[in-house]
Amino acid sequence: MAAMLAIRVVAGLAAAAVAAVLLEQYSLAGSPSPLPRPHVPRRPHPAPGLGATNIFWGLQISLFNTCFRQISDIHMSRFHDPGRAVDLEKFCSETIDIIQPALVLATGDLTDAKTGDLLGSMQYEVEWQTYHGILKKTRVMEKTKWLDIKGNHDAFNVPSLDSVENYYRKYSAVRSDGSFHYVHSTPFGNYSFISLDATPNPGPKKPFNFFGILDEKQMQELSLLAKESSRSNHSIWFGHYTTSTILSPSPGIRSIMSSATAYLCGHLHTIGGLMPVLHTRHSQGTLELEVGDWKQNRRYRIFAFDHDLFSFADLIFGDWPVVLITNPKSLLYSCARHEPLERVLHSTHIRVLAFSLSPITSVTVKIDGIHLGQATHLSGPIFTLRWNPRNYSNGTHDIQVIVQDSTERSKSVHHVFSLQEDIHLQFDPLASFILLADHCMVARVLFVMTVLIQLSILIAFRHQTCLKLKGPTGFINLTSFSLHVLSKINIFYYSVLLLTLYTVLGPWFIGEITKGKIGFCFSFGIFVDGHFLQGGVTFMVGILQLVFFNIPLMAYLCWSLLQRCFGHNFKSHLRQGKRLKIIPVHFLMLLLYLWQIYSCYFLHMAFGTLAFFFSPLRTWLTLLTPLLIYWVWTQNSNKLGTFTVQLKSHLSS
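These notes cover the structure that comes with them. (Residues numbered from 1 in each chain as written. Predicted model: local features only at pLDDT ≥ 70, side-chain atom pairs only at ≥ 80, totals over all residues. Heavy atoms only, no water.)

### So, the overall build of the protein
Thinking step 1. Along the backbone of the protein there are 18 helices and 26 strands.
Thinking step 2. Across the 653 residues of the protein, 56% fall into the buried class.
Thinking step 3. As displayed, the protein offers around 27400 Å² of accessible surface, 61% of which is attributable to carbon and sulfur atoms. (Helix = DSSP H or I, 4+ residues; strand = E, 2+ residues; numbered from the N terminus. Buried < 20%, exposed > 50% of the residue type's maximum accessible area, 1.4 Å probe, protein only. Areas by Shrake-Rupley, 256 points an atom, 1.4 Å probe, with all protein chains shown as cover.)

Okay, here's the thing in structure tokens:
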């Protein structure tokens, strides 16, 4: 009873801790309560109207662009999908020529930097040469301002910023490490674009730079950049990592960028297509907008500032026409803290940006399903239609724009808008959790709680003086009995105890963490070349090790000891008439053991021969596991005999 009570207490504490972390991190997420509206002077003018001024646009590609464009996660590869380079060249020529963005933001992972078997990682100069060659061949940097930053793949296996492996300095458009501040100047004001470089230095091999890291010095530099942008009409931050995958000291990166209208990023690749839209809002009002990857999905983003109202659309390369409604702007992405939303109410025209390979022939506008008319061409890609916003001053409304070009290609887009200040829409809760939760903290808590639960069970049963079997020999009784047996036999108890403690405290392996640099990998981080890289992925790997090997091995030992207490050895237990229950247990353990063997192979391919031989948690454990299993089936200690007698006595009573 004492053991079960202890287990329940620890499990309860674990659940409470996880809930506390999630609530702390996620209570700020998304779209909770309406945002507080600070007292700021009203700026109803200039309002969107018939003029072609006060507007610019850009692109983001993850690879990125007032019109601006963003592109992200290009993953130029020497081994896989040559179409990435072909399509990027077409994007830099055809798409850029048509949209003519004021700037393009390429938000990291410019190259893939993976070996052909996808197990290892290193910088291939030919990938960077391909990327740079496309920029030069298409002369895209003469057509627009191209701002490219590093992603985690661009820092794979880069021992230092001064290393010859740091090809970003040689082949990127920016060619300068670290965060920077670019100001786009227009006759109607300045717009700040602040890059956020959180790539680790030194850059470890995959998978240990999935999380970005910012130190105190970098946070101070970013704080200064934020202050520099305070006089701009708007500031846009852009980076590779989502804020949920950046480790930063207090007050945290979101606090530093709180004055920004939006943070544009990539990195998560739409979670393998499961989350095609990853957008949310920080508690301070800043939008966080992850754009899908170029690598597999050929995604990019167009965004615009129209009379200081921020709008954007996530697009697929080659899908024409491209349409962006800039007035009235979407309610979901509206924020009075950063934008003069009152200008929508004082506007005289609906405004649309429309682009296509062929001339645009019609731009049809509907509100709430009612046909308003055909927008007329103003200049460039700008189309306008006179409207009276007062007719829509109450509630929410749906605006739909249908654009058709001369080759009968058409595109229909729509969004919900509202002119009432007290109406808000909520972001997808799952998207908000993915973008706003501190995933490193969540992984750390889950890792520690898993360890504590396992240790508590072991120690509680170890110090339980006597276990009396009562009632029928059901699953719970037999599980408790087998745990009692394992914890009382020293060789198994100390083996499991030391394995768990070593998973937490010991170096998992010693190997080439980054090119030419030997390091030590622990659950809490990596030591390499005089640097300590905080744990992020390491905690996730630790959880996998515990859940998919350590704990199953402990359960398998318990089950095997129980079979011994029933009076069986390895051969005799196979002959009993319960093979449908017995074989799956051995088969499952075999699969998990094969997974452990594969992890040794991965370690060798990713971090070298040294890591393979000096890996207590992988290679050594793989060799020791068969010995433990052999001992459990051949053990004939007095204590095991005592438990056998006790179990048989209970079964016969």
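That covers the picture; the talk isn't over yet.
### Observations regarding helix 3 (residues 125-138)
Thinking step 1. Helix length check: helix 3 (14 residues) gives 20 Å between terminal C-alpha atoms against 20 Å at 1.5 Å per residue, within 8%.
Thinking step 2. Within helix 3, burial applies to Glu 127, Trp 128, Tyr 131, His 132, Ile 134, Leu 135 and Thr 138. Buried positions in helix 3, seen along its axis, are confined to an arc of 150° and lie on one side of it. When the buried face of helix 3 is taken as reference, the exposed residues oriented beyond 90 degrees from it are Lys 136 and Lys 137.
Thinking step 3. Where helix 3 is buried, its residues contact helix 2 (83-99), strand 3 (103-107), helix 4 (140-143), strand 4 (145-149) and helix 5 (168-171).
Thinking step 4. Arg 139 sits one or two residues past helix 3 and shows a positive phi near 55°. (Expected span 1.5 Å × (residues − 1). Arc of directions from axis to C-beta. Contact = heavy atoms within 4.5 Å.)

### Considering the pattern of salt bridges
Opposite charge on two side chains lets them pair, provided their charged atoms get close.
Thinking step 1. If you walk through the whole model with that rule in mind, you get 17 salt bridges.
Thinking step 2. Measuring nitrogen to oxygen at the nearest pair gives 2.9 Å for the salt bridge that ties Lys 137 to Glu 89. You can see Lys 137 sitting in helix 3 and its partner Glu 89 sitting in helix 2, a full 48 residues away along the chain.
Thinking step 3. Since its relative accessible area comes to 59%, Lys 137 is described here as exposed.
Thinking step 4. Of the charged contacts, one joins Arg 301 and Asp 314 as a salt bridge, the two residues approaching to 2.6 Å between their closest N and O atoms. Remark: Asp 314 occurs in strand 14 (residues 309-316) and Arg 301 occurs in strand 13 (residues 299-306); sequence separation between them is 13 residues.
Thinking step 5. Residue classification places Arg 301 among the buried residues on the basis of a relative accessible area of 0%. (Salt bridge = Lys/Arg side-chain N within 4 Å of Asp/Glu carboxyl O.)

### Some words on unusual backbone geometry
Thinking step 1. Cis rather than trans, the peptide bond between Asn 201 and Pro 202 has omega equal to 0°.
Thinking step 2. Assignment of secondary structure puts Pro 202 in the loop between strand 6 (189-196) and strand 7 (212-213).
Thinking step 3. In this chain, Ser 250 is followed by Pro 251 through a cis amide linkage whose omega measures 10°.
Thinking step 4. Topologically, Pro 251 is positioned in the loop between strand 9 (246-247) and helix 7 (253-256).
Thinking step 5. The residue Asn 157 is not glycine, and still its phi comes out positive at about 60°.
Thinking step 6. Position of Asn 157 among the secondary structure elements: in the loop between strand 4 and helix 5.
Thinking step 7. Residue Asn 157 is classed as buried on the basis of its relative accessible area, which comes to 7%.
Thinking step 8. Phi angles above zero are rare outside glycine, and Asp 529 is one such case at about 55°.
Thinking step 9. Relative to the helices and strands, Asp 529 resides in the loop between strand 25 (525-528) and strand 26 (531-534).

### Quick look at a nonpolar patch on the surface
Thinking step 1. Judged by side-chain polarity, Ile 491, Ile 518, Leu 610, Phe 613, Phe 614, Trp 620, Leu 624, Leu 627, Tyr 630 and Trp 631 come together as a nonpolar surface patch covering roughly 980 Å² of accessible area.
Thinking step 2. In terms of residue count, helix 17 (residues 616-634) provides more of the nonpolar patch than any other element does, five residues in total.
Thinking step 3. Its location among the elements puts Leu 610 in helix 16 (residues 609-613).
Thinking step 4. Judged by its relative accessible area of 35%, Leu 610 falls in the partly exposed class. (Patch = residues over 30% accessible without salt bridge, like charges linked within 9 Å, V, L, I, M, F, W, Y side chains within 5 Å.)

### Let's talk about helix 11 (residues 475-488)
Thinking step 1. Between its first and last C-alpha, helix 11 extends 20 Å over 14 residues, near the 20 Å set by a 1.5 Å rise per residue.
Thinking step 2. Burial analysis of helix 11 places ten of its 14 residues in the buried class, which makes it a mostly covered element.
Thinking step 3. All buried positions along helix 11 are accounted for by Leu 478, Ser 480, Phe 481, Ser 482, Leu 483, His 484, Val 485, Leu 486, Ser 487 and Lys 488.

### Brief notes about the sheet that holds strand 26
Hydrogen bonds between backbone atoms are what pair the strands of a sheet, whose relative direction is either parallel or antiparallel.
Thinking step 1. Across the sheet, four strands lie side by side as 23-24-25-26; this open sheet has antiparallel pairing. In this open sheet, the two strands that pair with only one neighbour each are strand 23 (509-514) and strand 26. On average, adjacent strands in this sheet sit at an angle of 30° to one another, irrespective of strand direction. (Pairing = 2+ DSSP bridges. Axes fitted to C-alpha atoms, helices over the stretch in contact; angles between N-to-C directions.)

### A word on the sheet that holds strand 6
Thinking step 1. If you trace the six strands from one edge of the open sheet to the other, you get 5-6-8-10-12-11, paired in mixed fashion. Pairing within the sheet leaves two strands with one partner each, and these edge strands are strand 5 (181-186) and strand 11 (278-281). Within the sheet, the average angular offset between the axes of one strand and its neighbour, ignoring direction, is 20°.
Thinking step 2. In this sheet, strand 12 (residues 287-290) lies alongside strand 10 (residues 262-265) in parallel orientation, the contact comprising four bridges. Of the residues in strand 12, the one forming a bridge with Ala 262 is Leu 287.

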